[in-house]
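Fold and contact review
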Amino acid sequence: MNACSFRLLLTIGLICVTGSAAGARSLQARDHLTPQEVDLVKEAQVLDKRIDVFIKAADRRLLALKVGEAPTAKQSKKDSETWGELPTGTRAQLVGDIARILDEATSNIDDVSSRDEKNPLLPKALRKLAAAATRIVDQLKPLAAQAQGDEANSFDQLTENAEAIVQAASKLPPPSVEQKGKNKTGKTKDTN
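Residues numbered from 1 in each chain as written. Predicted model: local features only at pLDDT ≥ 70, side-chain atom pairs only at ≥ 80, totals over all residues. Heavy atoms only, no water.

1. Here's the deal with the overall build of the chain
The number of helices and strands found in the chain is eight helices and zero strands. N-terminal to C-terminal, the α/β element order of the chain is α-α-α-α-α-α-α-α. Among the 192 residues that make up the chain, the fraction classed as buried is 41%. Within the chain, residue pairs in contact and separated by at least 24 positions form 79% of the contacts whose partners lie at least 6 positions apart. (Helix = DSSP H or I, 4+ residues; strand = E, 2+ residues; numbered from the N terminus. Buried < 20%, exposed > 50% of the residue type's maximum accessible area, 1.4 Å probe, protein only. Contact = heavy atoms within 4.5 Å.)

2. Overview of the packing of helix α2 (residues 35-43) against helix α3 (residues 47-64)
Geometrically, a packed helix pair is captured by the angle between its two axes and the distance between the axes. In the contact formed by α2 and α3, the axes pass within 8 Å of each other and the chain directions differ by 160°. One element, α2, and the other, α3, form an angle in the roughly antiparallel class. Pair α2 / α3 crosses with right-handed handedness. In contact with E37, L40, V41 and K42 of α2, α3 contributes R50, V53, F54, A57, R60 and R61. Looking at side-chain class alone, the contact of α2 with α3 contains five nonpolar, no polar and five charged residues. (Axes fitted to C-alpha atoms, helices over the stretch in contact; angles between N-to-C directions. Parallel < 35°, antiparallel > 145°, perpendicular 65-115°, else oblique. Left-handed = near helix turned anticlockwise from the far one by under 90°. Nonpolar A, V, L, I, M, F, W, Y, C, P; charged D, E, K, R; others polar.)

3. Examining the side chain of D79
Note that D79 resides in helix α4 (residues 73-83). When residues no more than four places from it in sequence are discounted, the contact partners of D79 are K56 and G84.

4. Some points on α2
In an α-helix, one turn spans 3.6 residues, which is why side chains three or four residues apart end up on the same side. Within α2 the residues assigned to the buried category are E37, L40 and V41. Summarising the axial view, the buried residues of α2 lie within an arc of 100°, below the 170-degree limit, and thus occupy one face. Residues of α2 that are exposed and point more than 90 degrees away from the buried face comprise P35, K42 and E43. Against the buried residues of α2 lie α3 and α4. (Arc of directions from axis to C-beta.)

5. Structural notes on the layout of surface pockets
Here the second largest pocket defines a volume of roughly 200 Å³. Every residue lining the second largest pocket is counted, 14 residues in all, and those nearest its centre are K56, D59, L63, E69 and P71. For the lining of the second largest pocket, the secondary-structure elements that each account for two or more residues are α3, α4 and α6 (121-146). With five residues, the top contributor of residues to the lining of the second largest pocket is α3. (1 Å grid on protein atoms, 1.4 Å probe; cavity = no way out; pocket = protein on both sides within 12 Å on 5 of 7 lines; lining within 4 Å. Points joined across faces, edges and corners; volume = space filled by probe spheres on them.)

6. Looking at the pattern of salt bridges
Two side chains carrying opposite charge are able to pair once their charged atoms lie near each other. Scanning all chains against the criterion turns up 11 salt bridges. The closest approach of N and O atoms between K124 and D48, which form a salt bridge, is 3.0 Å. With K124 in helix α6 and D48 in helix α3, this residue pair connects regions lying 76 residues apart in the sequence. Using a relative accessible area of 44% as the deciding quantity, one classes K124 as partly exposed. Residue D48 is classed as buried on the basis of its relative accessible area of 4%. Through salt bridges with shared partners, a single ionic network connects R30, E37, R60, R61 and D97. (Salt bridge = Lys/Arg side-chain N within 4 Å of Asp/Glu carboxyl O.)

7. Description of the side chain of R50
Considering the arrangement of structural elements, one finds R50 in helix α3. The charged side chain of R50 is buried without a salt bridge, its nearest counter-charge being D111 at 6.3 Å. A polar contact of 3.0 Å, which involves the side chain of R50, links it to the backbone oxygen of V41. Ignoring sequence-local partners within four residues, the contact set of R50 consists of V41, K42, A44, Q45 and N108. (Lys, Arg positive; Asp, Glu negative; His and termini not counted. Polar contact = N/O pair within 3.5 Å; in protein donor to acceptor, adjacent residues only side chain to side chain.)

8. Looking at unusual backbone geometry
Despite not being glycine, K66 shows a phi value in the positive range, around 65°. Summarising the element assignment, K66 is placed in the loop between α3 and α4. Owing to a relative accessible area of 74%, K66 belongs among the exposed residues under this scheme.

Shown next, in the form of structure tokens:
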């Protein structure tokens, strides 16, 4: 897949996610990121690190929903110092926050793609986001089955966003053997 096809794929995914996200915004007029999370996003200038921030923000909403593994007391204290207190809200609001976080992460990937189609971090960031989106949807399936009204709408939006991300990632070419043979400096490893 060439860079132009990759950009087109991301743009189509973004249109799907953004169009359906407009309905979710009408349901929620709250910020989907805490002020501390917004600061961490701004500080993360490298795409894959910024995607890590979005994923961690989504995971914090899972913790607030009491879904997934609870961190140790030491980890909770460290996270609280860096990330602030866990976000609060209704289940519908927290799930809606996750959907909007995935949407914003997709927008960040698309933005980088529009400026630098050959950026080697694009596939890495998209694969990372797709893995997280799949994991999050899987963890929330038991709650989604019980959802009604606004809560069901939030779960639907989350599922749509996650599916668009996973679909875009599935169209990426596999990581090349050449990339796997490179060390952190980008030089090929000596296998002798």
